[in-house]
Amino acid sequence: MSHHFVSVSTLPAGGEKLDLSRIGKWTALLRLGAIVGLVLSAVLFLAGGAIKIGSKDFVSGEAISYTVREAFSYSWLFAFYVFFTLALGGLFWTLLHNASNSSWGVVIRRLPETLAVQFVPLLFLGLPLLFPQVRETLWTWMHDHSVAAKSGEAASLKDALHHSNHLLYHKLNYLTLWWGAVPGFIPRFFIYFLLLGVGAYALRGWSVSQDTTGDVRPTLSARRFSCGWLPLFAISLTFAGFDWIKGLNYAWFSTMFGVNVFAGSAVASMALLIVITVTLFENGYFKRVLTAEHLHLMGKLMHAFTIFWAYIAFSQYFLIWYANIAEETQFYAIRNTGGWNYYSIFLVTIGHFFIPFILLLPRAAKKNFKRVRAIALWILFAHVCEAYWFIIPERGPKLADQPAIVWAVMLDAAAFVTIGCVVALTFLKSLAQHSLYPCGDPRLQESINVIN
Amino acid sequence: MVSVLPLLLLPLIQLPPDSAMADAPLKRTHGYLAEFGSVAELFHAAEKCRDAGFRFWDTHSPFPIHGMDDAMGIKKSILSLFVLIGGCTGATVAILLQFGTQVGLYPTVVQGKPTNLFTLPAYFPISFELTVLFSALTAVFGSMALMKLPRLNHPLFNSVNFQRVTDDGFFICIEQKDPQFHPEKTKAFLEGLGGRNIELIEDEVA
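Below you will find a few notes about this structure. (Residues numbered from 1 in each chain as written. Chains lettered and ligands numbered in written order. Predicted model: local features only at pLDDT ≥ 70, side-chain atom pairs only at ≥ 80, totals over all residues. Heavy atoms only, no water.)

**So, the overall build of chain B**
The condition is simple: In this text, helices come from DSSP runs of H or I with a minimum length of four residues, and strands from runs of E with a minimum of two, each type numbered from the N-terminal end. Throughout this description, buried means an accessible area under 20% of the type-specific maximum (1.4 Å probe, protein chains only), exposed means over 50%, and partly exposed covers the range between. Contacts are assigned to residue pairs with any non-hydrogen atoms lying within 4.5 Å of each other. Computed with the Shrake-Rupley method and a 1.4 Å probe, the accessible areas treat only the protein chains shown as cover for residues.
The number of helices and strands found in chain B is 6 helices and 4 strands. The buried share among the 206 residues of chain B stands at 31%. Considering only intrachain contacts with a sequence separation of at least 6, the fraction spanning at least 24 residues in chain B is 79%. When the accessible area of chain B is evaluated, it comes to approximately 12,700 Å², of which 65% is carbon and sulfur surface.

Encoded structure:
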């Protein structure tokens, strides 16, 4: 036999805890990055409105300029979206594991549970997006709304839009949630976080309560809850994708976009879970409970969702490309022009699908800890590239437009590092609170000895 | 059980060299079948068979047993390589038939799309389907070929006791074609493993 049967009675009573003092250097570095980044970001948001970056118009080639705050708003949305999708995926895998009554992943289930509760720091990190200066830059329909509302000629916003922007007139009821001039965007932002956060905390709470009691009832509660919460989760992520990413260009239509966001979240989050699991294993954790079988199962899910992502991302592209309707093609038109065209082909298509698909085909690749982690790191990189590709082309300048691009990319990197440091720090803190695996789960023994 | 006992006498029967007894069935030894009482017994017996170096032998149980592949020393199947080749063939055929004909041989403008490398997305659905089709057919027929299926009968079905393999029986069969097979030593080996109801399985060849 490849590994010997492990009885839970031989495991330490309280499970294993992550020892943060052992990685004190890393947490100190993350804390430094978070503090410096947050201060820098605050300065960029507050004072950036006065600093201008020169550029050229995308279509006419004329010289234009935009403020640092405008550029940084896109950077912030990009970084926020990347880490939001990772937390989304964490919640998805937790919900799915409970709803499908699975036992194989009990050993690693604490990791997605902990990833999902990062919705709380992400809620605070997302707040800058709600300020008028930021949101009216990113989501131009809000700008058009406020211009129409201020014009004062028509009796209401709806009437004003009826004459000035017929598309927004038709979308008004969704966008404002029938709340007059207040964008419905803001209450929706909090509704998404409420639904996702409640789901994340409820599931983690039940799981953690079992660590000491070993009671079977929380498992049953989590299963019932997950079946009911999955539709709410799907609705939240679909409309969050519509509001935050698709809404960057309110004139673009794609009913597929929510699924695109979901597929990217699921695959990237599984990749992150593999990276964390293998790294913890290499540092002496999980030694008694984790085997190559678990990595094989996670690798298979990562492989399956790589294919699923390709399937829906290509379907969306293919239908729009073939039908060739101007309203729909605008999304791909700017992403298939100039430097973005190479970016689309090499980083999004080949990077996000072909490379991981081929590398993950052999069974040995999924069972070898180092190889599967290397592939998972590549998928994470590709996911970041996809998020960048969703958001940054909407900022305006061409990818290869010098020298503004250098400044803009530096702003993107700053936002990414800031949010990354904050979320990584809170993740490690919440991971260290409880055992690394659900040590009281009734199906732990079944999970440890899983063979697939 | 009584009906099985005469079978044990069969190896003692000397078949005549000529056609004098042409209507008596000609039999070929398939191997020894031994029964084991539980999953654990079968598992440990399989480990010992593996360590003894047998090559042509198999375990039979009513349900799959986790870890049995390792206990039997079975290596990874070559089927996945066949499927990979099948899938690559499907993708190549699809691309050649579409791209080769509509871009190479006779450039065809459809819906104002270009006739060059950038037409490739139009050929993806069929390439995808053909890759899946060829892979799936290779998987089905490849696995059947590796299992030597279809076949009309199997010598093990001659054993009445073996019928319990779909209910509560756990069996090991060491085949006669194994280089280490020996009429007495193999039987003694199986007895040493704790095998019960050891039968010599024979196949009617004519």
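Let's pick the thread back up.
**Side note on the sheet that holds strand β2 (residues 57–60) of chain B**
All names here are of chain B. Our working definition: Two strands make a pair as long as DSSP finds a minimum of two bridges between them. To get an axis, a line is fitted to the C-alpha atoms, and for a helix only the part in contact is used. The angle between two axes follows their N-to-C directions and goes from 0 to 180 degrees.
Read from one edge of the open sheet, 4 strands run β2-β3-β1-β4, paired in antiparallel fashion. Looking at which strands have only one partner, the edges of the open sheet turn out to be β2 and β4 (196–204). The sheet shows a mean angle of 25° between the axes of neighbouring strands, taken without regard to direction. In the packing of helix α2 (residues 39–52) onto the sheet, contacts are made with β1 (27–36), β2, β3 (170–175) and β4, and the angle to β3 comes to roughly 20°.

**Here we look at the nonpolar core**
Stated formally: Nine residue types can take part in a nonpolar core, namely buried Ala, Val, Leu, Ile, Met, Phe, Trp, Tyr and Cys, and a core is a set of them joined through side-chain atoms within 4.5 Å.
Formed by 153 residues in total, the largest nonpolar core has its most connected members in W139, W244, F286, M302 and I391 of chain A. At 20 residues, helix α2 (residues 68–99) of chain A tops the list of elements feeding residues into this core. Setting aside residues up to four positions removed in sequence, M302 of chain A forms contacts with V267, M270, A271, I274, L360, V372, I375, A376 and I379 of chain A. Residues F54, M72, I172 and L200 of chain B belong to the second largest nonpolar core, which totals 22 residues.

**Considerations on the packing of aromatic side chains**
Under the convention used in this document: Aromatic pairs are defined between Phe, Tyr and Trp rings, using the six-membered ring for Trp, whenever the two ring centres lie within 6.5 Å; interplanar angles under 30 degrees are classed as stacked, those over 60 as edge-to-face, and all others as tilted. The criterion for a charge sitting over a ring is simple: Lys NZ or Arg CZ within 6 Å of the ring centre, and within 35 degrees of the ring normal.
In this structure the tally under the stated criterion is 62 aromatic pairs over all chains. An angle of 20° between the planes, with centres 6.1 Å apart, marks the rings of F92 of chain A and F233 of chain A as stacked. Of this pair, F92 of chain A sits in helix α2 while F233 of chain A sits in helix α10 (residues 217–244), and the two are 141 residues apart along the sequence. In this structure F92 of chain A comes out as buried when scored by relative accessible area, which is 7%. Ring geometry for F54 of chain B and F189 of chain B: centres 5.3 Å apart, planes at 50°, overall tilted. Of this pair, F54 of chain B sits in the loop between α2 and β2 while F189 of chain B sits in helix α6 (residues 185–192), and the two are 135 residues apart along the sequence. Over the ring of F253 of chain A we find K171 of chain A; its NZ or CZ atom is 4.5 Å from the centre of that ring.

**Looking at unusual backbone geometry**
L149 of chain B connects to P150 of chain B through a cis peptide bond whose omega is -5°. Its identity as a non-glycine residue notwithstanding, N101 of chain A has a phi of 60°, on the positive side. Structurally, the position occupied by N101 of chain A is in the loop between α2 and α3 (110–116). A positive phi angle is found at N324 of chain A, which is not glycine, with a value near 60°. Tracing the chain through its elements places N324 of chain A in the loop between α12 (292–323) and α13 (326–335).

**Looking at the interface of chain A and chain B**
Inclusion rule: Throughout, buried area stands for the accessible area (probe radius 1.4 Å) lost by two parts on being put together, summed over both. Salt bridge, as used here, is a side-chain nitrogen of Lys or Arg placed within 4 Å of a carboxyl oxygen of Asp or Glu. Two N or O atoms form a polar contact when they lie within 3.5 Å of each other; inside protein one atom must be a possible hydrogen donor and the other a possible acceptor, and for residues adjacent in sequence the pair counts only when both atoms belong to side chains. Amino acids outside the nonpolar list (Ala, Val, Leu, Ile, Met, Phe, Trp, Tyr, Cys, Pro) and the charged list (Asp, Glu, Lys, Arg) are all regarded as polar, and Gly is one of them.
Listed as interface residues are 13 residues of chain A and, on the opposing side, 16 residues of chain B. Summed over both partners, the interface of chain A with chain B comes to about 1,400 Å²; 72% of that surface belongs to carbon and sulfur atoms. Inspection of the chain A/chain B interface yields 0 salt bridges. For the pair chain A and chain B, the number of links is 1 residue pair in polar contact (both at pLDDT 80 or more). Sort the elements by how many residues they give to the side of chain A that touches chain B and α12 of chain A lands first, with 5 residues. Looking at side-chain class alone, the side of chain A that touches chain B contains 9 nonpolar, 3 polar and 1 charged residues.

**Details of the pairing of β1 of chain B**
Residues and elements named next belong to chain B. Burial analysis of β1 places 7 of its 10 residues in the buried class, the great majority of the element. By the bridge criterion, 7 bridges tie β1 to β4 in an arrangement that is antiparallel. Counted as the bridge partner of K27 is E204 from β4. As paired elements, β1 and β3 share 6 bridges and run antiparallel to each other. Paired with F36 across the strands is F170, a residue of β3.

**Focus: the pattern of salt bridges**
All names here are of chain A. Counted according to the given criterion, the structure contains 17 salt bridges over all chains. R217 is paired through a salt bridge with D215; the nearest N and O atoms lie 3.0 Å apart. Residue classification places D215 among the partly exposed residues on the basis of a relative accessible area of 25%. The salt bridge involving E293 is made with K367; its shortest N-O contact spans 3.4 Å. With E293 in helix α12 and K367 in helix α15 (residues 363–367), the pair connects residues that are 74 residues apart, well separated along the chain. Because the salt bridges share partners, they merge into one network encompassing R109, R110, E113, D211 and D441.

**Some words on the environment of Y81 of chain A**
Residue and element names in this part refer to chain A. Here Y81 shows up in helix α2. By relative accessible area, Y81 is classed as buried at 3%. Sequence-wise, Y81 and A387 are 306 residues apart; in three dimensions their C-alpha atoms are separated by 7.1 Å.

**A short note on the packing of α13 of chain A against helix α16 (residues 369–391) of chain A**
All names here are of chain A. Stated precisely, the cut-off is as follows: Should the near helix be turned anticlockwise from the far one by less than a right angle, the crossing is termed left-handed; should it be turned clockwise, right-handed.
In contact at an axis separation of 10 Å, α13 and α16 are set at 115° when each is read in the N-to-C sense. Regarding α13 and α16, the two cross each other, and that crossing is right-handed. Together, F331, Y332 and R335 of α13 and W389, F390 and I391 of α16 make up the contact between the two elements. Here the contact of α13 with α16 is composed, by residue class, of 5 nonpolar, no polar and 1 charged.

Function-wise, these values are silent; they only describe arrangement.
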